Amino acid sequence: MSLLEFRDVSVDYGDIPAVRGVTLNIERGEVLGIAGESGCGKSTLAATVLRLLPDSARVGGAVILDDQDVLTMTWGRLRAVRWADAAIVFQGALHGLNPVQAIGKQLAEPIRLHKTATDVDARVAELLTQVGLPPSRARAFPHELSGGQRQRVMIAMALACAPDLIIADEPTTALDVMVQAQVLDLLTSLVRELNMGMVLISHDLGVLGTTCDRIAVMYAGRIVETGPALDIFDDPRHPYTRALAGAFPRIGDDAARYAPVGLPGDPPYAGDLPSGCTFHPRCPEVMPECATTTVELRPAGPGRAAACLRVLP
Amino acid sequence: MTVGQPVADGQPVASGQPMIGARDLAVVFGGRVRAVDGVDLEVDAGEIVALVGESGCGKTTLARTLLGLEKPTAGTVLFEGKPLDYRRLKDFRRQVQLVLQDPLGALNPRHTVYDAVAEGLRIHKVPGDEQAQVSEALSQAGLRPPERFFLRYPHELSGGQRQRVVIAGALALKPRVLIADEPVSSLDASVRGEILGLLLRLRDELGLTVLVVTHDLGLAWNIADRVAVMYLGRIVEVGPTADVLQSPQHPYTQALLSVVPDIARTEQIVLTGEPPDPARIPTGCRFHPRCPVVLAECTSVVLPILGIEPGHRAACVRVT
Amino acid sequence: MTTIAGQRRRLALSRFWTQFRHDRAGMTGLIILGIFILTAILAPILISPDALDVTQAEGDRFDPPSLAYPLGTDESGRSILLLLAWGTRISLTVGLAATIISMVIGTAVGIMAGHFRGVGSHALVGVTDWFLVIPFLPLAIVLATVLGPSTLNLIIVIGITSWAGTARLIRAQTMSIEGRPYIERSRALGAGNWHQMTRHVLPNVFPLVLANTTLTVAIVILSETTLSFLGLGDPLAPSWGAILDRAFSTGAVSQGAWWYVLPPGICVVLVVLAFTLVGRAMERIVDPRGSTA
């Protein structure tokens, strides 16, 4: 029984398909990475887990969290689930925190709402210690903390009600590489200690390759490749994954010297998707059939799949 | 997608003619915050140098001082080997241009692309056909056909296109030097390569000198000839890219490289905490409180500023 | 190049007009304004100056509205409708002129105070605060008395007593804009202070200026009405305030001559409302992103 399961999930904002048929599952103790850039639908997909999308969004399929479909839950049950069963570490920690409230108070909020501890102050101190911050910092305001410290507070907030699942949406994107390493270390050790599941969303394939067990690559609302993290990082099969991997070159790789890897054009706008394989206008290995054939995920090795005509089963 | 002719490592790229540099440069804010604390730097014509460091190390302040946007508290900024004349900055500005990090913020939301690119031309009253010059700059920056972009507003463009507009605005003045502060960090991953490739092409085709300020070591590996690593206001290591990034000598550089996500690297040196406040720089070697291989003498040794001689050097007692 | 600039300007203007046309509130305001402006322009053509002449008046005292006199007569038998129409000219002229003076001074001071640092800026802020602190009415009364009763003096008085609020607002907005990267880019391109203030700060401050202008016009017209009501304006010029003044002083209220007291007040309300509607509509359209930058 998976901790979290997306079954053919689709999300439409009016006419615009942000997510188009995603099927994924995450087990307890596992770290799943979702790789993709802006507009690919990864944040929208994450938001479906706690039903945080605006009313104008139409969600199809099922999101099964601990045996229950989040999309059809009653409001009361949903509020109980939010934060206590699954929590999100949001992107852009500066804006995720209330600038006029001390962080201790903000950490206390979910604890009080869900009544998960009798001594709230003690729990706040415990959380801060868990993320590597001195408990005295509870009285500090967000602007008094550095970027790395703020991100730790966001993680502490996500842990406040001891959820089974954490979704981290671009948790290290604005951070320096050393602080990024600290935050990623923290996240992976917490997952192991507390036996949680984690979904890590990022556009940095290097980060995902070194932190996750499995990776799913999203493009234009669809999964275009899945597989074990090391395999995907080492030997990407989908041309888009290859471009993503090349965008963060490996130091020591002579082929990357004076040879930046990029794709022409921009990530597609969901309201105006190309026909056939949505990646074909930017694909360096495009073939004539690509413009007219929609491609599904096809097997590409043990535990791997890729949605590309060039990948022969 | 690869661009440019690969230049072999180990061979000098530049003509050896100094373009922009600093000597004993110091920039102190409010008498206490030593953002730049003694820097010697020299970038030769046609070179691409990456100034690498974490936030707060002073690299952005150094870049802004080299541009004349900030006045140094001590030391000099050199352009073509001569000290900067702060009364004749306007001339200097035509030759040394800036590309900022956030392309959305760097463009006035009320100005069209045409206005944004023509701004420099108008400020300096450059003679000639303005429309032709704007078209040329946009084309050089990869926005073709240029006329299609004239009447667009920044919020109608994608991040990559906006950055190209910013670059076009800089190119319109036909500068000799481009200083780029985190030019791709706010762009999508698949778009970064295009912009980096553009910078390389501008160096190859126009002989542009480029100083890139970044925290991304992979970027330096991609396009830089030389790398200078900054920590707390000083350059702690400098040299050809391949040497510095593959055989780092300074413990800080070694730690930085060890945490760049890479599955081949399993032994990470994760430093604890964060760089200290530039108002309270540690005595001796400024890195000693966090150094994993610190020695007794590091708390009191006086390390000289790394000079501008070519070659790979690092400011560490273990190296000399 | 001029063709590109001209083309862009025409395109921008026509786009602006198309959007404005569809804004119902804005169009309502514009129509109301149009009626008043038309009245002001046509007044000297359609109304003979005899209508204002007390000695030429033919009606009875305080006559209620009738076919001959749609808004009744005043204490001298003059048609109130014609008086009001003529008063439109004065009220609108004073309103617009004083507003322009106030906005120009306020915006200039605000931008300079926000852009420059150091002694000059401190001095400007000091002067602004001084004008803000002093209560408007006593200052205006003193100035008007000193300068003498005339329409021009009224314009000057109102103009120089109402710019301070604008200046403060514009200064704050300027300071927030100054922090944006495109100002830094402009400096890096070689721009001097004048260029930065006029080409970057001013266009971005403009929506605020526009919104503030409509508020200012409202305040100015009300100020003019007040000052005229107090007898500080030109006694011969029948602005709406002056009409109200005469209505009260000749006992129209006790006589029950509502047609003398109500219409001037309603005119003031309508004009102020119209300016507000138009100003808000313009503010909504002018910003290319549809939100304050």
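Quantities reported herein were computed from a predicted structural model and do not represent experimental measurements. (Residues numbered from 1 in each chain as written. Chains lettered and ligands numbered in written order. Predicted model: local features only at pLDDT ≥ 70, side-chain atom pairs only at ≥ 80, totals over all residues.)

Trainee: Explanation requested: the sheet that holds strand β3 (residues 48-52) of chain B in the structure shown.
Mentor: Two orientations exist for strands paired in a sheet by backbone hydrogen bonds: parallel and antiparallel. All names here are of chain B. One open sheet accounts for seven strands, arranged β6-β7-β8-β3-β9-β10-β11; its pairing is mixed. With one partner strand each, in any of the chains shown, β6 (96-99) and β11 (313-314) form the two edges of the open sheet. Bridge analysis of β3 against strand β8 (residues 209-214) gives five bridges, and the strand direction is parallel. The residue of β8 that forms the bridge with Val52 is Thr214. Relative to the sheet, helix α6 (residues 159-171) contacts β6 and β7 (177-181), its axis offset from that of β6 by approximately 170°. (Pairing = 2+ DSSP bridges. Helix = DSSP H or I, 4+ residues; strand = E, 2+ residues; numbered from the N terminus. Contact = placed C-beta atoms within 7 Å. Axes fitted to C-alpha atoms, helices over the stretch in contact; angles between N-to-C directions.)

Trainee: Just checking my understanding: could you explain the interface of chain C and chain B for this structure?
Mentor: Bring the parts together and some accessible area is lost; that lost area is often taken as the interface size. Between chain C and chain B, the contact holds 21 residues from the first and 27 residues from the second. Secondary structure elements with two or more residues in the side of chain C that touches chain B: α1 (2-21), α8 (181-189) and α9 (193-229) of chain C. Residue contributions to the side of chain C that touches chain B peak at eight residues, all from α8 of chain C. Here the side of chain C that touches chain B is composed, by residue class, of 10 nonpolar, five polar and six charged. (Nonpolar A, V, L, I, M, F, W, Y, C, P; charged D, E, K, R; others polar.)

Trainee: Please clarify how the interface of chain A and chain B should be interpreted in this entry.
Mentor: With 40 residues of chain A at the contact, the number on the chain B side is 40 residues. Ranked by residues supplied to the side of chain A that touches chain B, first place goes to helix α7 (residues 177-194) of chain A with six residues. Here the side of chain A that touches chain B is composed, by residue class, of 22 nonpolar, 11 polar and seven charged.

Trainee: Just checking my understanding: could you explain the confidence of the model for chain B for this structure?
Mentor: The predicted coordinates ought not to be read in detail in places where the model reports low pLDDT. Residue and element names in this part refer to chain B. With 94% of its residues at a pLDDT of 70 or more, chain B has an overall mean of 87. When mean pLDDT is compared element by element in chain B, β3 scores highest at 95, while helix α3 (residues 103-106) scores lowest at 82. With pLDDT under 50 throughout, residues 1-6 is counted as low confidence; its partners more than four residues away or in other chains account for 17 contacts. Scoring of the predicted complex yields 0.80 for pTM and 0.82 for ipTM. (pLDDT = per-residue confidence, 0-100.)

Trainee: Even after reading the chapter, I still don't get the arrangement of the chains, so can you show me in this structure?
Mentor: For the two pairs of chains in contact, the largest share of contacts goes to chains A and B. Between chain A and chain C there is no contact; the minimum C-alpha to C-alpha separation amounts to 18 Å.

Trainee: Which parts of the structure should I look at to understand the pairing of β3 of chain B?
Mentor: Looking along a regular strand, one sees side chains alternate from face to face of the sheet. Residues and elements named next belong to chain B. Across the five residues that make up β3, a large majority, five, are buried. Burial along β3 is two-sided: Ile48, Ala50 and Val52 facing one way and Val49 and Leu51 facing the other are all buried. Relative to strand β9 (residues 226-231), β3 is paired through four bridges, and the arrangement is parallel. Looking at the pairing, Leu51 lines up with Ala228 of β9. (Buried ≥ 20, exposed ≤ 12 C-beta atoms within 10 Å, placed from the backbone.)

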